[in-house]
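Here is what each chain is made of, one letter per residue.
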Amino acid sequence: MKNNRRAFIKLAAVAAAGLAVAPKAMASSGGHSPVKANPKGLHAKQWAMVIDSTKLHSEEEIAKLADSCHKIHNVPELTGKKEVKWLWSDIYPHTFPEQENPHLAEEVHHRHYPLLCNHCEHPSCVRVCPTKATFKRPDGIVAMDYHRCIGCRYCMAACPYGSRSFNWGEPRKNLDLANLNPKFPTRMRGVVEKCNFCVERLAVGDMPACVEASEGAIVFGDLYDPESPVRKVLRERFTLRRKPAAGTEPCVYYVI
Amino acid sequence: MLELALKGSKRYYAWIGFLLVLIGIGFTAWVDQIMNGLEITGMSRDVSWGFYISQFTYLVGLAASGVMIVLPNYFHSYKTNKHMVIFGEFMAIAACIMCLGFIIVDIGQPTRMMNMIFHPTPNSILFWDMIVLNGYLFLNLLVGWTCLQADRANLPHPKWLKPFIYTSVIWAFSIHTVTAFLYQGLPGRHYWLTAILAARFLASAFCSGPAILLLVMMATEKFTTFKMPKNALKTLVKIIAYAMCVNMFFFALEIFTAFYSNIPGHMHSIVYLFAGEHGHHELVGLMWTFIGMAAIAITLLVTPKLRNNLKLLPYTLVILVIATWIDKGLGLLIGGFNPTPFDTITPYWPTGKELMVSMMIYALGALVVTVLFKIATEVKEEMGHSQELPCGCSTEDNCDCTLECGCPKDNCTCEEEAAEEAPAEA
Ligand code: SF4
Ligand code: SF4
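Residues numbered from 1 in each chain as written. Chains lettered and ligands numbered in written order. Predicted model: local features only at pLDDT ≥ 70, side-chain atom pairs only at ≥ 80, totals over all residues. Heavy atoms only, no water.

A. Highlighting the overall build of chain B. Each helix and strand counted, chain B has 15 helices and 0 strands in total. Its C-alpha radius of gyration of 22 Å places chain B within 12% of the 22 Å reference for a compact globule of 426 residues. Within the span of chain B, comprising 426 residues, buried residues form 57% of the whole. Taking all contacts inside chain B whose residues are at least 6 apart in sequence as the whole, residues at least 24 apart take part in 74%. For chain B, the accessible area works out to roughly 17,300 Å², and carbon and sulfur atoms hold 70% of it. On chain B, the mean spot of the 25 positive side-chain charges and the mean spot of the 30 negative ones are 3 Å from each other. (Helix = DSSP H or I, 4+ residues; strand = E, 2+ residues; numbered from the N terminus. Rg over C-alpha atoms; globule rule 2.2 N^0.38 Å. Buried < 20%, exposed > 50% of the residue type's maximum accessible area, 1.4 Å probe, protein only. Contact = heavy atoms within 4.5 Å. Areas by Shrake-Rupley, 256 points an atom, 1.4 Å probe, with all protein chains shown as cover. Lys, Arg positive; Asp, Glu negative; His and termini not counted. Charge placed at Lys NZ, Arg CZ, Asp CG, Glu CD.)

B. Broad picture of the overall build of chain A. Counting its secondary structure elements, chain A contains 9 helices and 10 strands. Out of the 256 residues in chain A, the part that is buried amounts to 51%.

C. Expanded view of the pairing of strand 8 (residues 218–222) of chain A. Residue and element names in this part refer to chain A. Strand 8 sits mainly inside the fold: 5 of its 5 residues count as buried. Alignment of strand 1 (residues 47–52) against strand 8, held across 5 bridges, turns out to be antiparallel. Bridging from a neighbouring strand, M49 pairs with F220 of strand 8. (Pairing = 2+ DSSP bridges.)

D. Just the pattern of salt bridges, in detail. Using the criterion set out here, one finds 18 salt bridges over all chains in the structure. Close ionic contact of D106 of chain B with R153 of chain A constitutes a salt bridge, the shortest N to O distance being 2.7 Å. Within this pair, whereas D106 of chain B is found in helix 4 (residues 85–106), its partner R153 of chain A is found in the loop between strand 5 (142–144) and helix 6 (154–158), the two belonging to separate chains. Looking at D106 of chain B, the relative accessible area reads 2%, which means it is buried. (Salt bridge = Lys/Arg side-chain N within 4 Å of Asp/Glu carboxyl O.)

E. Expanded view of the layout of surface pockets. Residues and elements named next belong to chain B. Computed from the structure, the largest pocket encloses a volume of approximately 1,100 Å³. Lining of the largest pocket is provided by 38 residues; of these, W15, V216, A219, V369 and T370 occupy positions nearest its centre. Taken together, the elements giving at least two residues each to the lining of the largest pocket come down to helix 1 (10–36), helix 2 (51–65), helix 4, helix 8 (197–223), helix 13 (313–337) and helix 14 (352–383). A total of 11 residues in the lining of the largest pocket trace back to one element, the largest contributor, which is helix 14. Partitioned by chemical class, the residues of the lining of the largest pocket number 24 nonpolar, 9 polar and 5 charged. (1 Å grid on protein atoms, 1.4 Å probe; cavity = no way out; pocket = protein on both sides within 12 Å on 5 of 7 lines; lining within 4 Å. Points joined across faces, edges and corners; volume = space filled by probe spheres on them. Nonpolar A, V, L, I, M, F, W, Y, C, P; charged D, E, K, R; others polar.)

F. Just the site of ligand 2, in detail. Near ligand 2 there are 14 residues, and of these C129, C149, C152, R153 and C155 of chain A occur at the shortest range. The residue inventory of the shell around ligand 2, partitioned by class, reads 10 nonpolar, 3 polar and 1 charged. (Near = heavy atom within 4 Å.)

G. Spatial organisation of a negative patch on the surface. Residues E59, E60, E61 and E215 of chain A make up a contiguous surface patch of negative charge. Under the relative-accessibility criterion, E59 of chain A is labelled partly exposed at 45%. (Patch = residues over 30% accessible without salt bridge, like charges linked within 9 Å, V, L, I, M, F, W, Y side chains within 5 Å.)

H. Here's a closer look at the interface of chain B and chain A. Between chain B and chain A, the contact holds 44 residues from the first and 49 residues from the second. Counting the surface lost from both chain B and chain A, the interface buries some 3,600 Å², and carbon and sulfur atoms represent 51% of this. For the pair chain B and chain A, the interface holds 2 salt bridges. Joining chain B to chain A, the criterion identifies 31 residue pairs in polar contact (both at pLDDT 80 or more). Considered class by class, the residues forming the side of chain B that touches chain A number 21 nonpolar, 17 polar and 6 charged. (Buried area = accessible area lost by both parts, 1.4 Å probe. Polar contact = N/O pair within 3.5 Å; in protein donor to acceptor, adjacent residues only side chain to side chain.)

I. Inspection of the confidence of the model for chain B at higher detail. Residues and elements named next belong to chain B. Residue-level pLDDT values for chain B average 89, and 93% of them are 70 or greater. Note that pLDDT drops below 50 for residues 422–426; the model gives that stretch 8 contacts with residues more than four away or on any other chain. With a pTM of 0.88, the predicted complex shows an ipTM of 0.88. (pLDDT = per-residue confidence, 0-100.)

Shown next, in the form of structure tokens:
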């Protein structure tokens, strides 16, 4: 009996010592080797976007942006109510349902507005995610870890802007496999996805794909840098945000 | 004690076999879902939760409702309920298992389920919901099983169990509150964004849950020698009556707030549900059925003569269960997603496969209930607790009518006598 106990204590001590050493051994094995940041990468405190709807408002123009976004991110092409989309267009009453006005200028009412994730400053999707698969980066971008997501779709219920899509089926079935963008991963079924403000492009010094394709109609920059192009437009033009009452502080602004 | 579940009549085995067949059929649909993903369901980008989550929500109510028997017994020493307590607890176990089942079939990547534990995220209500559901399951297993074992050995219930029992009573409220919080804290979903939602959840749980329990108990009486004590039954029916009234009162509060304030967001969901919007009328008929049946159920429950009519009672309860199910098991969820964030309507209807998977989980729940109730009734029979007397009374009723007393079976006067002799001890 006594011997047994002594043996056990010894064993426990050895195990504890092992545990204490293990992390160091692991560290030296290169599991967490430092990653060098791309010197060309773009940085901000909070990325934001201003969309000039006086310049960009037809369905076709916006479809072009959506196309380039969906192509480089390997977004599956689906139609109907199970569709997956990162960037799309809709009419005024659907875009600003709480800011409707029956006597609005016809033209404003009939414009199409580009819709995408607003990368909110207080994102409700991040608040509800039970696995941190949706998280906010230090640069304000609300990003997704597709490998962490369990597909509970709580974030979809929480987003007041309908910005998220779920892969109800196998997304690769609806992709042009011959023309994939090899630089961006495809997704598996059962996970949620959405616009990521092109973090992968910002990291190498490029502007988001839609900004580039918009030919000046979309401005992108740091919301907390008074000198940024975004702040310049916000100072000069009147802008709207979608559903300000939801308290999420969307970072996509619309020049009306 | 599990061995008690293994010996049974032919009818018992036939029922178990039937449930297993249902589970098997549903399982094929589930395998299909695992192979092809949730695309086999009717859910969509706009209505991203469907039948699974709404059934989960409804069943949490059933789990929480057991407390309506447990609480009077332990907090108010209302001993008339004593022999019903175990059934409330066992029902809660089955309900918790069904709830967990519905969550598992609903998530897109079930193999990653443990991410919720590996990466605990206290700011997510889903994390807390997992904790309270599993905790409640554990508490009821522990309390129910230990008490029954003590009963069987003719021993008093162990003292160390007390703290667990009191915890479980409070816990029961938490499971439904936390489940309501799951919905209630979301910006932009006006039908759910109401401080009274948790209260509504509890009110509807405390009428629909005991109603389902009573229906199951009535079926149990048919097949076993167990008999519900009349006073316990009456108390429970009164609780159901009050809870249903409160439930509908809360609903009326929502209607007032929405329409008197005239705020579009608050009205739209209700208008869609009860009148249809943008040319969509999918739920209008059902929602009015809910109102109609709720009115009938309340009328039958608050009129003492109709409430005490044991022949009528099962029908009353069925009407109530259907009404609350339409409200909470269907309308609440679909009305929450519609109108969508774009102020449009995306109709949702479960697909056949979705219903089959749901059937699998319901059958699983029925199996658990059957086995647990079988064990409980066998033990009660061994102990001679709450057994049916030939005249239809329970041995707990202080009813001295035996066969010799000559009481005809369906006209037992013992009931009134019992009521006089043993007034409710509340
Ligand atoms: S728009 Fe929706 S998905 Fe995007 S950050 Fe805001 S809440 Fe999240
Ligand atoms: S679906 Fe994925 S990203 Fe959304 S809340 Fe669930 S785990 Fe998080």
